[in-house]
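Spelled out from the first residue to the last, the chains are:
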Amino acid sequence: MSKKTDSNIYTILFAIAMVIVVGGLLAFTASALRPRIDNNERLEKQQNILYAMGVNANDESSAVFVSTDEAPELFSKYITKQLVIQGDDVTEDSEAYLIDVKKEQSSAKAGNKRRLPLFVGNKDGKTFYIAPIRGKGLWDAIWAYVAMDANMVVQGAYFDHKGETAGLGANIKQRYFMDDFIGENLMSNGSFKGITVAKGNNDPKNIEKNDNEVDAIAGATITGDGVSAMLKSELRQYVSYFKTLK
């Protein structure tokens, strides 16, 4: 005589019960950890914004954020305004840094008016305008925080990625690449041109700052093209605001 546990019905019911139990545990864990995850995301965004405007713990060669313990206080100290640009409307919003750039891009594709967050910072008497932007690399998403002055000259930048190739495209978050953007002009003869990550730049030390180009990373052509496209398509959205600063 076969045992009840050997029947197909028992197996199916046991599998269903396990799915319900495990699913419930996962849902509970996700719910319990959500506040901590959300807080970590807030701190990371604050660190990124601060890094771009030069508030960081960099050593001679490495890119180093301020600590998570320091980030909220330093963010309040250096960021004087958080703006939301939507068409011709510009409003202040103390939580503009929580705007999801990816969702706003999708919303714009659906025909909605996109919200553009912009952070105004002040450090050593100098005003910075920091824009969070997002694009597509070789394998997945890339993003950046770009700090500019009122003339759209880059004052600092932080780049990151989700899945670019280690030692190649992943090097967009290395300091030697990010620092090349400092001083580069996004405008050319009064018109927005952006910055191209160029293989044939012929300026490896990046001395020329008005050519709208920086030197590419060897072996990372597609990632570099993604960075170029992101800078051009995303920062162009802010030109109308910068014209009001003149």
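Residues numbered from 1 in each chain as written. Predicted model: local features only at pLDDT ≥ 70, side-chain atom pairs only at ≥ 80, totals over all residues. Heavy atoms only, no water.

Enquirer: Just to check I follow, could you spell out the overall build of the protein for this structure?
Expert: The secondary structure content of the protein amounts to 6 helices and 10 strands. Expected size for 246 residues packed as a compact globule is a radius of gyration near 18 Å; at 23 Å, the protein overshoots this value by more than 25%. On the principal axes, the C-alpha backbone points of the protein span a range of 90 × 40 × 40 Å. Residues classed as buried in the protein amount to 40% of the 246 residues present. Of the contacts formed within the protein by residues at least 6 apart in sequence, a portion of 55% connects residues at least 24 apart. Of the accessible surface of the protein, which amounts to about 13900 Å², a share of 53% is contributed by carbon and sulfur atoms. (Helix = DSSP H or I, 4+ residues; strand = E, 2+ residues; numbered from the N terminus. Rg over C-alpha atoms; globule rule 2.2 N^0.38 Å. Buried < 20%, exposed > 50% of the residue type's maximum accessible area, 1.4 Å probe, protein only. Contact = heavy atoms within 4.5 Å. Areas by Shrake-Rupley, 256 points an atom, 1.4 Å probe, with all protein chains shown as cover.)

Enquirer: Mind showing me how you'd approach the sheet that holds strand β4 (residues 126–136) here?
Expert: The strands that make up a sheet pair up through hydrogen bonds in the backbone, lying either parallel or antiparallel. Read across the open sheet, the 6 strands follow the order β2-β1-β3-β4-β5-β6; overall the sheet is antiparallel. Each end of this open sheet is capped by a strand with a single partner; those strands are β2 (89–92) and β6 (154–161). Ignoring which end each strand starts from, the neighbouring axes of this sheet average 25 degrees apart. The pairing of strand β1 (residues 79–86) with strand β3 (residues 116–123) spans 6 bridges and is classified as antiparallel. Bridge pairing in β3 places Ile 85 opposite Leu 116. Contacting β1 and β3, helix α2 (residues 71–78) crosses the sheet at an angle of about 75 degrees to β1. (Pairing = 2+ DSSP bridges. Axes fitted to C-alpha atoms, helices over the stretch in contact; angles between N-to-C directions.)

Enquirer: Please clarify how helix α3 (residues 101–109) should be interpreted in this entry.
Expert: Each α-helix turn comprises 3.6 residues. Residues three or four places apart therefore point the same way. Among all positions in α3, only Val 101, Glu 104 and Gln 105 are buried. Viewed end-on, α3 has its buried residues packed into an arc of 105 degrees, placing them on one side of the element. Those residues of α3 that are buried lie in contact with β4 and α5 (221–235). Capping the start of α3 is the job of one residue whose side-chain oxygen sits 3.0 Å from the backbone nitrogen of Lys 102: Asp 100. (Arc of directions from axis to C-beta. Polar contact = N/O pair within 3.5 Å; in protein donor to acceptor, adjacent residues only side chain to side chain.)

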